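A look at the structure
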Amino acid sequence: MGTESLNIAVVGSGIMGGGIADVAATAGHNVVIKARSAQSAAGAVAVVQKSVDRRVSKERITADDAEAIMSRVGWTMSFDDLSEADIVIETVAEDMAIKREVFAELDRVCKAGAIIATNTSTLSVTELALATGRPTQVLGIHFFNPANVMELVEIVVPDVTDAAIAEAATQFVAGCGKQPVTVLDRAGFVVNALLFPYLNNAARMAEAGTASREDIDIAMKGGCNFPMGPLALLDLVGLDTSVSILRTLAEKFGDSNYEPVPLLCDLVAAGHLGRKTGQGLFTYD
Ligand SMILES: NC(=O)c1ccc[n+]([C@@H]2O[C@H](COP(=O)([O-])OP(=O)(O)OC[C@H]3O[C@@H](n4cnc5c(N)ncnc54)[C@H](O)[C@@H]3O)[C@@H](O)[C@H]2O)c1
């Protein structure tokens, strides 16, 4: 798998599904988004459309380029339509039971030789690999949010994975203009293992009222030169996803400091999931 055009399947049509579809189609690959409803598929395709429209308006690409990108993006509601995929990237909710079900379906439909990848933030890629009858073909391809902006992609390689699969995934990611790093299958990999304790402690500080939510973010942007404050970043990631990530880290590292603070759990219970619902630690239009 070099620089040729591949058939990419993205399973899941949320924040990451739409973003990864955009990246892959922009890099010249054919993309099919597997969604559970026509409405959510349309939402993911609209994310790609909005992204290409923005690049046309900024004169980074031409209208013809935009049309070509959109012509490479399709969607389906059936796993059976993923049988031609060279690489499948799973982006469903951060929940092992849900992902295992998806991997069992992928094992059923994917062609021999297909790379089956997860975009999980913290869950065991090895466990997902072993949920299939072909663990050597499975690995993590962990894009960051927003996928079309963030340069880094973690290539998460379980011990069971074939080295050639890891190499092919790395080439694919580099071909998408991203910076791959190779990581062992450890909870949180590199970035989230280091980032989430910080984000959780920022939420703990907001809960304690040490400063206002706005001022906590202003302090970390101004004091550390971070592009975003920690509370706005939690809202961007999604509070449900963040709570799942923290619970996995707490369990895997046996450290209660990773346990999501009550403020985050309460917001999730109230359905305030961050930017994607318009309300989280902050409110969005
Ligand atoms: N949000 C981020 O910043 C970020 C960054 C990197 C990786 N990730 C990871 O990417 C994955 C997706 O995250 P997201 O932010 O796109 O989430 P999201 O909530 O925006 O989307 C989740 C998707 O999962 C689907 N889904 C939910 N329950 C399902 C089920 N039972 N069966 C099938 N599909 C189901 C939803 O319909 C939706 O398409 C997670 O593993 C997450 O950890 C997220």
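About the criteria used
- Residues numbered from 1 in each chain as written.
- Predicted model: local features only at pLDDT ≥ 70, side-chain atom pairs only at ≥ 80, totals over all residues.
- Heavy atoms only, no water.
- Near = heavy atom within 4 Å.
- Polar contact = N/O pair within 3.5 Å; in protein donor to acceptor, adjacent residues only side chain to side chain.
- Areas by Shrake-Rupley, 256 points an atom, 1.4 Å probe, with all protein chains shown as cover.
- Helix = DSSP H or I, 4+ residues; strand = E, 2+ residues; numbered from the N terminus.
- Nonpolar A, V, L, I, M, F, W, Y, C, P; charged D, E, K, R; others polar.
- Domains from an automatic or database assignment.
- Patch = residues over 30% accessible without salt bridge, like charges linked within 9 Å, V, L, I, M, F, W, Y side chains within 5 Å.
- Salt bridge = Lys/Arg side-chain N within 4 Å of Asp/Glu carboxyl O.
- Lys, Arg positive; Asp, Glu negative; His and termini not counted.
- Charge placed at Lys NZ, Arg CZ, Asp CG, Glu CD.
- Buried < 20%, exposed > 50% of the residue type's maximum accessible area, 1.4 Å probe, protein only.
- 1 Å grid on protein atoms, 1.4 Å probe; cavity = no way out; pocket = protein on both sides within 12 Å on 5 of 7 lines; lining within 4 Å.
- Points joined across faces, edges and corners; volume = space filled by probe spheres on them.

All right, on to the site of the ligand then. Near the ligand there are 21 residues, and of these Met16, Glu94, Lys99, Ser121 and Val237 occur at the shortest range. Side-chain polar atom of glutamate 94 to an oxygen atom of the ligand: 2.5 Å apart, as the coordinates give it. One nitrogen or oxygen atom from the side chain of asparagine 119 is found 3.3 Å from an oxygen atom belonging to the ligand. Within the complex, 83% of the 830 Å² of free accessible area of the ligand lies under protein. When contributions to the shell around the ligand are tallied by element, the ones reaching two or more residues are α1 (15-26), α4 (96-109) and β6 (138-143). Among the residues making up the shell around the ligand, the classes are represented as seven nonpolar, ten polar and four charged. If you count residues domain by domain, the shell around the ligand takes at least three from each of domain 1 (7-184) and domain 2 (191-276).

Taken together, the side chains of Lys50, Arg54, Lys58 and Arg60 make up a positively charged region of the molecular surface. Mapped onto the elements of the fold, lysine 50 is located in helix α2 (residues 38-57). Here lysine 50 falls in the exposed class, since its relative accessible area comes to 58%.

Roughly 1,400 Å³ of internal volume is contained in the largest pocket. As for the largest pocket, its lining consists of 50 residues, of which Ile15, Met16, Ser121, Val237 and Thr241 are closest to the centre. Across the lining of the largest pocket, the residue classes tally to 26 nonpolar, 14 polar and ten charged. If you trace the second largest pocket, you find 28 residues lining it, with Val47, Arg54, Asn145, Pro146 and Asn148 closest to the centre. Contributing elements (two or more residues each) for the lining of the second largest pocket: α1 and α2.

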